[in-house]
Amino acid sequence: MTEPRFSPLRLLVAAIRPIDPILFGLLAVLLGYAFVLMHSASPERIASLLVNAGVALAAMWLAARLPPQRLLSLALPLYAAGVLLLIAVDLFGETSKGATRWLDIGITRIQPSEIMKIAMPLMLAWYFQQREGHIRLREFVVAGALLAVPVALILVQPDLGTSLLVAAAGFYVIFFAGLSWKLIVPVALVGVVGIGAIVGFGDQLCQPGVDWQVLREYQKHRVCTLLDPTQDPLGRGFHIIQSTIAIGSGGLLGKGWTEGTQTHLAFLPERHTDFIFSVLAEEFGLLGALLLLASYLLLLLRGFVIAAQAPSLATRLLAGSITMIFFTYAFVNMGMVSGILPVVGVPLPFISYGGTALVTLCLGIGILMSIQRSRVLAKG
Amino acid sequence: MTEFRTPEEELGRFRRRVLVAGIVALVCFGLLAARFYYLQVVRHDYFLTRAEDNRIGLVPIVPTRGAILDRNGVTLARNFAAYTLEITPSQVADLDETIDALSEIVTIDARDRRRFRKLLEESRNFESVPIRTRLDDAEVARFVARRYRFPGVEVQARLFRDYPQGEVASHVIGYIGRINLRDQERIEERGDTANYRGSDHIGKSGLELSYETELHGVTGVEQVEVNAGGRAVRVMSRTPATTGSDLELTLDIELQKVAEAAFGDRRGALVAIDPRTGGVLALASKPAFDPNLFVDGISTADWNELNDSPDHPLLNRAIFSAYPPGSTFKPFMALAALTTGKRTANQAIADPGYFSFAGRRFMDDKVGGHGMVDLHKSIVVSCNTYYYQLANDLGIEGIAGFMAPLGFGSRTGIDIPGEAEGVLPSPAWKRGRFKKPEQQRWYGGETISVGIGQGYNAYTPVQLANALATIVNGGQVFRPHVVRHVIDTASGERRAIQPEPIRQLAIKPAHLAAVREAMVDVNKSGTGARAFAGAPYSAGGKTGTAQVYSLKGSKYVAGRVRERLRDHSWFIAYAPAENPTIALAVLVENGGFGAQSAAPIARQVIDYHLLGARLDAPAREDAEAAEAEDDTHAGHDAEPTP
């Protein structure tokens, strides 16, 4: 072996090698959406979006370069650190808008629940990998407990949205690990019947005096607002009403870039973050919305292919879970802004403004790339 | 969960799960796509409308109200900008606390607080409500320096209505006030709702009410793009407001001042008309009120004082109060006699001092009578007996038939709101007036009283003035009007209020001349002689006394009757006699005989009108006239004499 000579070309090839072109292409499309929409919704944030995107791409690249085994070896410490931080947040975190979610570590505030979004599937994938060939009911119980702890810690912050996302991320690993349908189907049925009951008896359940026991008053409020936004037209309902108006008024082809009146006259709340899809739907219409859906579908397709071809149990579980997380973000966000799901703080993946979420999601892309590359390496 | 499985089995199972997940994702995305299709295609029109509704706000631009000027351009009503301190209740946590804190900076008295409370009840929460109006510069400065302490409180420049003449002509000009529910209903009935969007004030009385449409102007509109906070972001189009028209009156404010001053503290009314056009030169009703009190909403104390006063200062006596005309009716009766041919000018009767009818004696004032009385003398000395007989000869239908076209008993149509009809008695009127059959019957004796202007007769000062104007201008009946021109402030175009007569009466000039000659002699040698002594012009006139209280059988002595029961004093006059430019009717409530208190007022007004001579002192009562008792009180003795 000769010592490789310093060559910019070779360096570039080495740098590009871990990057999966299909995933990267789709990510580029989605980030393209982000810039186009940000220019309309909040042009003054373009610069910081650029910085966020840079950091996120760097994180992606780093994750893509690391072999999956190295990533999985980080699972336990990351998970442990995440849980400890969550406990710390609950004990002495910063309170903002009635919820304690942040921890001030001097230089910056961190939101440990975000770490959990990646740490959770990593941890469970690592755990199942350890028990490969012996996965029985006991292992699922342990996995469930590993999942329950951080979810409970996030739930008391309170942050229903994030706890559901973390729970979902963990559940996907467990699901792909082979949790029996006998367990999944009844729970899903109970869920469907429960939601059906809320929708069906919404009028009675949303009466002021009715106490929902499990959910906090504001959460009940959100669900009730979804059922009938006009109940609270200037509060929570206002968001849904205005967002639906934005989407509906966009029509087939939209009002044109930067021409959305709902967007530009401040009728759309949080238009650069959770409600950025409404900007897209208003300015680019059904066509723009369907193109975005298609982009996400292709991304999911690529993720599922990577998962299906992944070399080991852990990488399969991880790839499947990450792909489903992308799906969950996209579905919940678009579902909530178009008024079919309650308003929970879930960003539109890769497009909503917000550094932490973008970095986390790009880390997920990087992990998928790493897994894809490990398959290629394993084959080779 | 089988325990032992080959890696191939594991992989196959995993791939099936991935397939399931993929299908779930696909279904969910399909659901989203369907939702988007529903919102963006099926219900697109609906949401587009909603978005437009969201987007466009219409902001009314309130027009500036027109000014009111007298015939010489003197301002009677105008606008001026002043600062008001306004509170938006929805933005204030504790109203009382805020007002208390404000009162340390600017004067806020109890009245301001009460008015604020009242306006608060009427207003919507997001509107700003004035707490103090007309701040001076020092107060504005003090507030602005401390503005940061008062979120939801701001100083705004607003236009206020101002009546620089104060009480003078207040019954003519009227006043504006805040739009209340009743005004709102009227506006809606007129279909004028859009034009009043943004307007706070509306004419409530006088010309401010009757010319509301002209004065108000046309509200403009600004189409603005608004954001979610309702704040205007961008003006899309703008239709400017059209300032209300100015009113130029026929009224001479200086003459009006003379008239009002001449009344002094006495209650009464005066209407002076230019007989050539029907234009009102002066229209006084005393006591008057200060219209400025009403602009910001009148205080309860001020309102009670005006409303509860026994003098009824808010009552426009000139057009609303109807009184028996007394002897001022005689010239018109004389004209009826000549026109119908019941009398000739030279025909004379012997006056024994009374007229007997159906066993009753109708008394003259002069004991023993006036001797031989012809038409001329009947007016000059105000002989009752002549008119008792005449009334009997004309009959009630004859009297009513002649008087109605002169405008007696019907509204003159003057352009000030609130005119009363008065009563021109007739059998038909009586049938409509009373319910019981015995009350509905017309009695012959009642005709006799009507003949001297008593009985059921009741006319407003404006009716009397206008009827007089008609007989001095050759028989043209005008609609009296206070406004001469409506001036479009934008184009300067002046729309004249039509001086065309509404009808021409068929009265022979010779007959008119005969009556007028007699009226001139009233002021030379008759009942008006003292009041017009030394006048360098010749004027026609007639005194009258309207009976307030029937002293059954006993002799009327003014001093012995409580002031409120004293007779009303009338005087009608015109000048110059040759070519009259003014015809007026003066009524002094409880003023006694016509010659006593009404005639001196008429003299002052005519003096000013013709000579420019001005006397700010009230017209003094003619004491000698009172002693002379040379006027009619016949109605007092309408009882059968024993």
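Residues numbered from 1 in each chain as written. Chains lettered and ligands numbered in written order. Predicted model: local features only at pLDDT ≥ 70, side-chain atom pairs only at ≥ 80, totals over all residues. Heavy atoms only, no water.

**A few points about the nonpolar core**
Looking at soluble globular proteins, one finds that nonpolar side chains tend to be buried together. In this structure, Phe128, Phe277 and Phe350 of chain A are the most contacted members of the largest nonpolar core, which totals 119 residues. Considering every element that reaches this core, the biggest residue donor is helix α15 (residues 313-337) of chain A, with 17 residues. Excluding residues within four positions of it along the chain, Phe277 of chain A makes contact with Ile247, Ala289, Leu292, Asn333, Met334, Val337 and Leu348 of chain A together with Phe36 of chain B. The next biggest cluster of nonpolar side chains, apart from the first, holds 96 residues, and it includes Ile273, Phe402, Phe408 and Tyr574 of chain B. (Core = buried A, V, L, I, M, F, W, Y, C linked by side-chain atoms within 4.5 Å. Buried < 20%, exposed > 50% of the residue type's maximum accessible area, 1.4 Å probe, protein only. Helix = DSSP H or I, 4+ residues; strand = E, 2+ residues; numbered from the N terminus. Contact = heavy atoms within 4.5 Å.)

**Some points on the UniProt feature "transmembrane region" (unreviewed entry) in chain A**
Residues and elements named next belong to chain A. In the numbering used here, UniProt assigns the feature "transmembrane region" (unreviewed entry) to residues 21-40, 46-64, 71-89, 162-179, 184-202, 284-305, 317-344 and 350-371. Along residues 162-179, the helical share is 83% and the strand share 0%, with 23 Å between the first and last C-alpha atoms. Helix makes up 100% of residues 284-305 and strand 0%, and the two end C-alpha atoms of the span are 30 Å apart. (UniProt positions renumbered as here; feature names shortened; annotations may be inferred.)

**Focus on the packing of helix α20 (residues 461-472) of chain B against helix α21 (residues 509-524) of chain B**
Residues and elements named next belong to chain B. Contact geometry of α20 with α21 gives a least axis separation of 9 Å together with a crossing angle of 115 degrees. Seen from α20, the contacting residues are Leu468, Ile471 and Val472; seen from α21, they are Leu512, Arg516 and Met519. Of the residues in the contact of α20 with α21, the class split is 5 nonpolar, no polar and 1 charged. (Axes fitted to C-alpha atoms, helices over the stretch in contact; angles between N-to-C directions. Nonpolar A, V, L, I, M, F, W, Y, C, P; charged D, E, K, R; others polar.)

**Side note on the interface of chain A and chain B**
Counting residues at the interface gives 54 residues for chain A and 37 residues for chain B. In total, chain A and chain B occlude about 4000 Å² of area from one another, counting both sides; carbon and sulfur atoms represent 74% of this. When the buried area of chain A at its contact with chain B is split by residue, Ile245, Leu265 and Arg316 of chain A rank highest and sum to 14% of it. The interface formed by chain A and chain B holds 0 salt bridges in total. At the level of secondary structure, the elements contributing two or more residues to the side of chain A that touches chain B comprise α7 (137-155), α8 (160-176), α9 (181-200), α12 (236-250), α13 (261-264), α14 (276-309) and α15 of chain A. (Buried area = accessible area lost by both parts, 1.4 Å probe. Salt bridge = Lys/Arg side-chain N within 4 Å of Asp/Glu carboxyl O.)

**Brief notes about the pairing of strand β22 (residues 568-575) of chain B**
Residues and elements named next belong to chain B. In terms of residue burial, β22 counts as a mostly covered element, since 8 of its 8 residues are buried. Across 7 bridges, β22 lies against strand β23 (residues 582-588) in antiparallel orientation. From the neighbouring strand, Ile572 faces β23, where its bridge partner is Ala585. (Pairing = 2+ DSSP bridges.)

**Brief notes about the packing of aromatic side chains**
This structure, assessed with the given rule, holds 31 aromatic pairs over all chains. Where Phe332 of chain B meets Phe408 of chain B, the ring centres are 5.0 Å apart and the plane angle is 80 degrees; that geometry is what we call edge-to-face. Of the two residues, Phe332 of chain B is situated in helix α14 (residues 330-340) and Phe408 of chain B in the loop between α16 (384-403) and α17 (427-433); the sequence distance between them amounts to 76 residues. A relative accessible area of 0% means that Phe332 of chain B is categorised as buried. With relative accessibility at 1%, the residue Phe408 of chain B sits in the buried group. Seen in terms of ring centroids, Phe532 of chain B and Phe571 of chain B are 5.9 Å apart; in terms of plane orientation they differ by 20 degrees. Their pairing is stacked. With a gap of 39 residues between them, Phe532 of chain B in the loop between α21 and β21 (540-546) and Phe571 of chain B in strand β22 connect regions that are remote in the sequence. Note on Phe532 of chain B: relative accessible area 6%, which makes it buried. Of the aromatic side chains, those joined through ring pairs into one cluster are Phe171, Tyr172, Phe175, Phe176 and Trp181 of chain A together with Phe14 of chain B. The positively charged end of Arg17 of chain B is found above the aromatic ring belonging to Trp181 of chain A, 4.7 Å away from the centroid. (Phe/Tyr/Trp six-rings, centres within 6.5 Å; stacked < 30°, edge-to-face > 60°. Lys NZ or Arg CZ within 6 Å of the ring centre and 35° of its normal.)

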